[in-house]
Amino acid sequence: MEQETTQVQVIPADKEKIRKIVRVAVILGLVTAIEFVIAFTLGHSGFRTFLFIALTIVKAFYIVAEFMHLGHERKSLIMSILLPLMFVVFLIAILIYQGGALFELLY
Amino acid sequence: MSNTLAVEQSTQSPWRGGVAPMKASYGKLMMWFFLLSDAFTFSALLITYGMIRYSHPAYEGVIADFTFSQEYWPIPEKVFDAVPFLHGVHLPLVFVGIMTFILILSSVTMVLAVEAGHRMDRKAVEKWMLWTIVGGLTFLGCQAWEWTHFINGTGGGGASLTWNEYGPSNFAALFFFITGFHGFHVFSGVVINFIIFYQTVVGILEKRGHYEMVEKVGLYWHFVDLVWVFVFTFFYLV
């Protein structure tokens with residue numbers, strides 16, 4: 001049942017928490033900036049693609065763990081979300097292989 | 001207090017309700033599972049991009065001599081090199097970089113809204129939700145400009161679902177599909193954010209005693225940002 005509250009107690013902001021949020025934001029901005037630098041300094045190669053994917057996973061980690069708070073949830077919840085993503089890894093492997101096979105067939 | 005709680009827990013079966021095994025409310029849990037299914041959809045789209053790209057020849061020559069051709073897959077930085085108000089200037093990936101920063105910033109304001117909600121600070125929730133909505137609308141505006149530029153082209157005929165001046169027909173089709181599906185998520189995110197902003201302003205959430213709805217839409221909004229991080233890498237950088 002919802003109750004009518006007349007006086008709401010506003011808790012003052014915790015400076016430490018705000019600083020943590022800003023730190024994650026700065027990391028995300030920096031990683032994006034590094035990606036930009038790589039895009040214009042390194043030539044196209046497998047190593048460059050690997051770097052891009054690694055930096056993307058770094059960003060994804062900070063967004064999911066800190067912004068979405070998953071890093072501070074119960075382990076059972078973390079695993080319920082992360083383990084099913086194994087199917088994505090499987091799909092990447094199988095479809096990239098399929099792409100190569102199509103190329104062989106067409107060209 | 002803690003003793004009675006322990007006794008209650010030991011006699012009550014976990015299947016009889018009233019306990020949250022994952023220490024997350026039903027609504028938050030369901031949002032997580034929805035986002036997991038949405039992650040599968042976006043993965044399928046992006047991996048399809050990878051498959052189709054690998055089934056086309058890649059450009060082999062020097063990057064500086066690159067010209068658009070139907071014979072090979074285009075290099076993204078040669079396609080996306082325009083910025084509004086700077087017509088004819090070659091600024092590869094600058095505009096899409098700005099869009100990325102806008103979305104990351106709106107994600108930060110969303111975290112601040114959630115944080116303010118934990119403190120029952122209605123004024124701060126209103127302020128940060130509004131900034132998040134502004135960020136989302138700015139991103140949508142940028143995307144509208146980018147699509148217009150992509151469709152009209154630079155004098156080579158532009159792009160449609162069946163043909164485009166940049167490369168094989170699948171290139172533009174995948175561009176429309178992937179950025180369009182993401183843009184639709186941003187659009188629905190802005191609408192949902194606005195509903196929660198409205199509920200905050202009229203005091204519905206304060207009366208309820210908690211701002212969990214802000215947390216739930218926050219999860220969705222961060223997910224939209226997360227997807228863009230991947231789209232940015234696999235469509236524009238690689």
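Residues numbered from 1 in each chain as written. Chains lettered and ligands numbered in written order. Predicted model: local features only at pLDDT ≥ 70, side-chain atom pairs only at ≥ 80, totals over all residues. Heavy atoms only, no water.

Asks: Give a detailed account of the environment of Leu30(A), specifying residues and quantitative values.
Replies: With respect to the helices and strands, the residue Leu30(A) is situated in helix H1 (residues 15-41). A C-alpha to C-alpha distance of 9.9 Å links Leu30(A) and Lys59(A), two positions 29 residues apart in sequence. (Helix = DSSP H or I, 4+ residues; strand = E, 2+ residues; numbered from the N terminus.)

Asks: Lay out the packing of aromatic side chains in plain terms, naming residues and giving numbers.
Replies: All names here are of chain B. In this structure the tally under the stated criterion is 37 aromatic pairs over all chains. Between phenylalanine 95 and tryptophan 145, the aromatic rings sit 5.1 Å apart at their centres with planes inclined by 70°, giving edge-to-face as the arrangement. With phenylalanine 95 in helix H4 (residues 94-118) and tryptophan 145 in helix H5 (residues 122-152), this residue pair connects regions lying 50 residues apart in the sequence. Classification of phenylalanine 95 as buried rests on a relative accessible area of 8%. Residue classification places tryptophan 145 among the partly exposed positions, given a relative accessible area of 29%. Here tryptophan 228 and tyrosine 236 contribute two aromatic rings whose centre-to-centre distance is 5.9 Å and whose plane-to-plane angle is 50°, an arrangement assigned as tilted. As far as burial versus exposure is concerned, tryptophan 228 and tyrosine 236 are alike and both buried. (Phe/Tyr/Trp six-rings, centres within 6.5 Å; stacked < 30°, edge-to-face > 60°. Buried < 20%, exposed > 50% of the residue type's maximum accessible area, 1.4 Å probe, protein only.)

Asks: Account for unusual backbone geometry, naming residues and giving values.
Replies: The general pattern is negative phi for most residues beyond glycine and trans for most peptide bonds. Here the phi dihedral of His69(A) falls at roughly 70°; this positive angle occurs in a residue that is not glycine. On the secondary structure map, His69(A) appears in the loop between helix H2 (46-67) and helix H3 (75-82). Residues other than glycine seldom take positive phi values, yet Met120(B) does so here, at roughly 60°. Position of Met120(B) among the secondary structure elements: in the loop between H4 and H5. The class of Met120(B) is buried, set by a relative accessible area of 13%.

Asks: Tell me what's going on with the domain arrangement of chain A, and back it up with residues and numbers.
Replies: When cut into domains, chain A gives domain 1 (14-72) and domain 2 (75-107). Averaged C-alpha coordinates put domain 1 of chain A and domain 2 of chain A at centres separated by 23 Å. (Domains from an automatic or database assignment.)

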